[in-house]
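Single-letter residue listing:
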Amino acid sequence: MKAAVLLALAVPALAIDNGIGLTPPMGWRSWNCYHADVTQMLMENVMDKMAERNRTVNGKVMSIADLGYVHVGLDDNWQACGKGVNGSFHDADGNPIINTATFPSMKNMTDHGHSLGLSVGWYMNNCICKETQFTDPTYIAKHMQQSAKAVADFGFDGVKLDGCGEFRNLTWWGDLLNATGRPIMIENCHWGETVPGQTTGDAPCTGTTTPSNCPYNFFRTSGDITNTWASMFKNLQTTTPYQNENAPLARPGTWAYPDMLEVGNLANHNEDRAHFGAWCIVSAPLILGYDVTNDTITDKVWDIISNTEAIAVNQAWVGHPGRLVHSAGGSNPSIQLWSKPVSSTSSAAFVINNDPTKGYKVAISMTDIGFDATQKVAVRDIWEHKDLGTITGTFETDEVVSHDSRFYTFTATN
C-alpha cells in the first residue's frame with residue numbers, strides 16, 4: 001500500500017488544553033428526539049437505557065454505552081426564559097437561570113450519568129429565547145465567566161455552543177472552560193460559519209496541527225439535519241472542504257460534523273445504514289438522535305449502530321479523516337465513492353447511491369484508494385461481516401439499489 005500521508009506531530013500550545021476529542025466523539029443528544037420538550041426525567045431515562053446491557057454484540061451482552069456511545073447531551077430549553085436581567089435567562093451576576101420545573105437539579109442529573117459510566121453534555125448560547133440584548137462589556141464578561149463556571153460546577157463534561165445568541169466567541173469560551181480545570185468537550189455549532197483555517201472571526205486557528213489547535217473539539221459543517229434522505233445526503237457533502245489530501249482540517253481534536261445522526265428516523269433500514277456508514281467514512285462524530293427508550297427502534301437499528309467494524313473505521317486515524325474519491329451525476333450526484341485509510345496496510349471504501357430509482361454496480365480501482373495497481377488485496381464486507389476473497393486492480397460491487405450503500409475494507413496481502 002502506498003504510504004499514508006503522515007501529519008506533523010509537533011504540537012504548539014493548544015487553544016483548548018482538554019486532552020479529549022482525539023477520536024470522533026460517540027453518544028446521544030436530545031434535540032432530534034425531544035426538541036424543546038425535554039426534561040431531567042427524560043434525560044435520566046435515556047441515560048439508563050444507554051447503560052442497559054440487554055443486547056448482544058459478537059456473542060457478548062453489551063449496552064449502547066459499551067459500544068462507545070458514552071456522551072449524553074442535553075440540548076436547548078433547559079433555561080427559564082425571561083426570568084433574568086433584560087428579559088434574559090441569566091441573573092444580574094451572570095449566572096444561568098435553570099427552569100427548575102423541568103430540571104430540578106442539574107447536578108443530580110450529571111451525577112446520575114456519571115454513576116452509569118457516562119459523560120454528560122450541556123448547551124449554551126441558546127436559540128430558544130436567544131440572548132442578543134447585552135451591550136455592557138462588564139456584564140458580558142460576567143455572563144461568559146459565570147456560564148463557563150456553571151458548566152464545570154454542575155459537573156458537565158461537555159457543552160454545545162450554538163450560534164443563535166451574541167455569545168459566539170469560541171476562543172473566549174475555550175479559555176474560560178479550560179480555566180475551570182475540568183476537561184470539557186466543546187461542540188462548535190455555528191452551522192459551518194466558524195471552521196478551522198480562518199484567520200478572523202469567532203475562533204481563528206490554523207487547524208493543521210495534530211491535535212488541532214482550534215478552540216473546539218468538533219465543528220458543525222452544515223445547517224440542521226432533518227429525518228430525510230435529502231437532508232442527510234446534503235449534509236454529508238458539507239464535509240468535503242475539510243478533506244484536503246495533504247492537510248485535512250478534520251483531525252484529532254477537531255472533527256468535521258455534519259450534525260447528529262438520524263439513524264432510526266429515516267424511511268427504512270437501507271437509508272439508516274447508508275447514513276451511518278457515511279458518517280463513519282468521514283470520521284464524523286457518531287451522535288445518536290433517535291428515542292433510545294423505544295426498544296422497537298433500537299431493535300430495528302441494532303445491527304447498524306452496533307457494527308463494530310464500521311465503528312472501527314470511524315475511530316481510526318492514519319493521517320486522514322476520509323474523503324470523497326468519485327462523484328457521478330453532477331450537482332445532484334447519483335453515486336459516490338468515499339475512502340479512508342484505516343491502517344498502514346488497509347483502506348475502507350464506501351459506496352452510496354443517491355439516485356431515487358436506479359441501482360448501480362460500482363468499480364473500485366485500488367489505485368484510487370491507496371494501493372499499487374499490482375498489489376494483491378483482501379476484501380472484507382463490513383455490512384455483511386464477510387470476507388470476499390482477494391483481488392488485484394479493481395473490485396466491482398454487486399448492484400447497489402436506490403438509497404443503499406456498500407462498505408468494505410481492503411487490506412494488502414503479502
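Residues numbered from 1 in each chain as written. Predicted model: local features only at pLDDT ≥ 70, side-chain atom pairs only at ≥ 80, totals over all residues. Heavy atoms only, no water.

J.: Just give me the short version of the pairing of strand β16 (residues 386–392), but keep the residues and values in it.
T.: Examined bridge by bridge, strand β15 (residues 376–381) and β16 share five bridges and lie antiparallel to one another. The residue of β16 that forms the bridge with R380 is D387. From the end of β15 to the start of β16, which pair antiparallel, there are four residues, and H385 there has a positive phi angle of about 55°. (Pairing = 2+ DSSP bridges. Helix = DSSP H or I, 4+ residues; strand = E, 2+ residues; numbered from the N terminus.)

J.: Residue-level account of the side chain of S30, with values.
T.: In this structure, S30 sits in the loop between β1 (26–29) and α1 (31–34). Among residues more than four places away in sequence, those in contact with S30 are H35, V38, M43, G73, L74 and D75. (Contact = heavy atoms within 4.5 Å.)

J.: Run through the packing of helix α7 (residues 269–281) against helix α9 (residues 308–315), naming residues and quoting values.
T.: It is the contact of α7 with α9, at a shortest axis distance of 7 Å, that shows an interaxial angle of 30°. Regarding the angle of α7 to α9, the classification is roughly parallel. Along its contact with α7, which presents F276, W279, C280 and I281, the element α9 presents A310, I311, V313 and N314. Of the residues assigned to the contact of α7 with α9, the class counts are seven nonpolar, one polar and no charged. (Axes fitted to C-alpha atoms, helices over the stretch in contact; angles between N-to-C directions. Parallel < 35°, antiparallel > 145°, perpendicular 65-115°, else oblique. Nonpolar A, V, L, I, M, F, W, Y, C, P; charged D, E, K, R; others polar.)

J.: Describe in detail the environment of T240, supporting the description with residues and values.
T.: Examined against the element boundaries, T240 turns out to sit in the loop between α6 (229–237) and β9 (255–257). Along the backbone, T240 and A250 are ten residues apart, and their C-alpha atoms lie at a distance of 9.7 Å. With sequence-adjacent residues up to four places away left out, T240 is seen in contact with L324 and W338. At 3.0 Å, the side chain of T240 and the backbone oxygen of Q237 are in polar contact. (Polar contact = N/O pair within 3.5 Å; in protein donor to acceptor, adjacent residues only side chain to side chain.)

J.: An account of the sheet that holds strand β18 (residues 405–412) is requested, with residue identities and associated values reported.
T.: Pairing in this open sheet of six strands is antiparallel, and the strands run β11-β12-β13-β18-β15-β16 from one edge to the other. In this open sheet, the two edge strands, each paired with only one partner strand, are β11 (323–328) and β16. Between one strand axis and the next, the sheet turns by 25° as a mean value, whatever way the strands run. Summarising the sheet, strand β13 (residues 346–353) and β18 pair through seven bridges and their orientation is antiparallel. Paired with I352 across the strands is S405, a residue of β18. Packed onto the sheet, α7 meets β12 (335–341), β13 and β18 and runs at close to 140° relative to β13.

J.: For the pattern of salt bridges, give the residues involved together with the corresponding values.
T.: Tallied over the full model, the rule gives 20 salt bridges. Taking the shortest distance from any N to any O, the salt bridge between D295 and K49 comes out at 3.1 Å. Here K49 lies in helix α2 (residues 40–51) and D295 lies in helix α8 (residues 295–305), a separation of 246 residues in the sequence. Relative accessible area serves as the criterion here: at 31%, D295 is assigned to the partly exposed category. (Salt bridge = Lys/Arg side-chain N within 4 Å of Asp/Glu carboxyl O. Buried < 20%, exposed > 50% of the residue type's maximum accessible area, 1.4 Å probe, protein only.)

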